[in-house]
Amino acid sequence: QVQLVESGGGLVQPGGSLRLSCAASGIIGSIAARGWYRQAPGKQRELVARITVSGSTNYADSVKGRFTISRDNAKKMVYLQMNSLKPEDTAVYYCNLEKSWPNRYEYWGQGTQVTVSS
């Protein structure tokens, strides 16, 4: 029984910062990757940042240079540091975990709201 729980969302002014956290619980097996996705009103869900088991990262062009994904494997945590926030970053942010063993499967959190507004 695997569960992902996000925290750290909230209201912030343009130019501000937030740090999102995602805790994973339960027996998972082998983790292939962790990631953050977001969905803004009227838009499709998009990849924000992803980190693989080898430590490789990739980011959406819109957040590159502003956001940083990191992880703590021992604690089964993944983080998203968001700096220089813009109104366009307003969305529900979802935590993702990709499992590779014993079977391939993806887990999702319920999401946390991030609102960037003056």
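For the structure, check the block above.
Colleague: Could you clarify how one ought to interpret the pairing of strand β9 (residues 91-101) in this entry?
Modeller: With 8 of 11 residues buried, β9 lies mostly within the body of the structure. With 9 bridges joining them, strand β4 (residues 30-39) and β9 adopt antiparallel strand pairing. Note on β9: the bridge partner recorded for A33 is E98. Bridge count for β9 against strand β11 (residues 112-116) is 3 bridges, and the pairing is antiparallel. From the neighbouring strand, Y93 faces β11, where its bridge partner is T112. Hairpin connection between β9 and strand β10 (residues 105-108): a loop of 3 residues separates the two successive antiparallel strands.

Colleague: When you look at the state of the cysteines in this model, what are you seeing that I'm missing?
Modeller: Here, the word disulfide means a covalent bond between the sulfur atoms of two cysteines. Across all of its chains, the model carries 1 disulfide by this definition. Each sulfur in the disulfide pair C22 and C95 lies 2.0 Å from the other. Between C22 and C95 the disulfide shows an S-S torsion of about -85°. By sign, it is left-handed. Of this pair, C22 sits in strand β3 (residues 18-25) while C95 sits in strand β9, placing them 73 residues apart in sequence.

Colleague: In this structure, what is going on with the pattern of salt bridges? I would like to understand it.
Modeller: If the charged atoms of two oppositely charged side chains come close together, the side chains can form a pair. One pass over the full model with this rule turns up 5 salt bridges. In this structure, R50 engages E98 in a salt bridge whose closest nitrogen and oxygen atoms are separated by 2.8 Å. Of this pair, R50 sits in strand β5 (residues 46-52) while E98 sits in strand β9; the two residues are 48 residues apart in sequence, bridging distant segments of the chain. With relative accessibility at 23%, the residue R50 sits in the partly exposed group. One salt bridge connects D61 with K64, and the closest N-O pair in it is separated by 3.1 Å.

Colleague: It is not clear to me how the sheet that holds β3 should be interpreted in this structure. Could you clarify?
Modeller: By definition, the strands of a sheet pair up through backbone hydrogen bonds, in either a parallel or an antiparallel sense. The strand order β1-β3-β8-β7 describes an open sheet built from 4 strands, whose pairing is antiparallel. Since the sheet does not close on itself, it has two edges, and those belong to β1 (3-7) and β7 (67-72), each with one partner. Sheet twist, expressed as the mean angle between neighbouring strand axes with direction ignored, is 15°. Note: β3 against strand β8 (residues 77-82), 6 bridges, orientation antiparallel. Opposite C22, over in β8, you have V78 as the bridge partner.

About the thresholds
- Residues numbered from 1 in each chain as written.
- Predicted model: local features only at pLDDT ≥ 70, side-chain atom pairs only at ≥ 80, totals over all residues.
- Heavy atoms only, no water.
- Buried < 20%, exposed > 50% of the residue type's maximum accessible area, 1.4 Å probe, protein only.
- Helix = DSSP H or I, 4+ residues; strand = E, 2+ residues; numbered from the N terminus.
- Pairing = 2+ DSSP bridges.
- Disulfide = S-S within 2.5 Å.
- Salt bridge = Lys/Arg side-chain N within 4 Å of Asp/Glu carboxyl O.
- Axes fitted to C-alpha atoms, helices over the stretch in contact; angles between N-to-C directions.

Shape descriptors only; they carry no functional weight alone.
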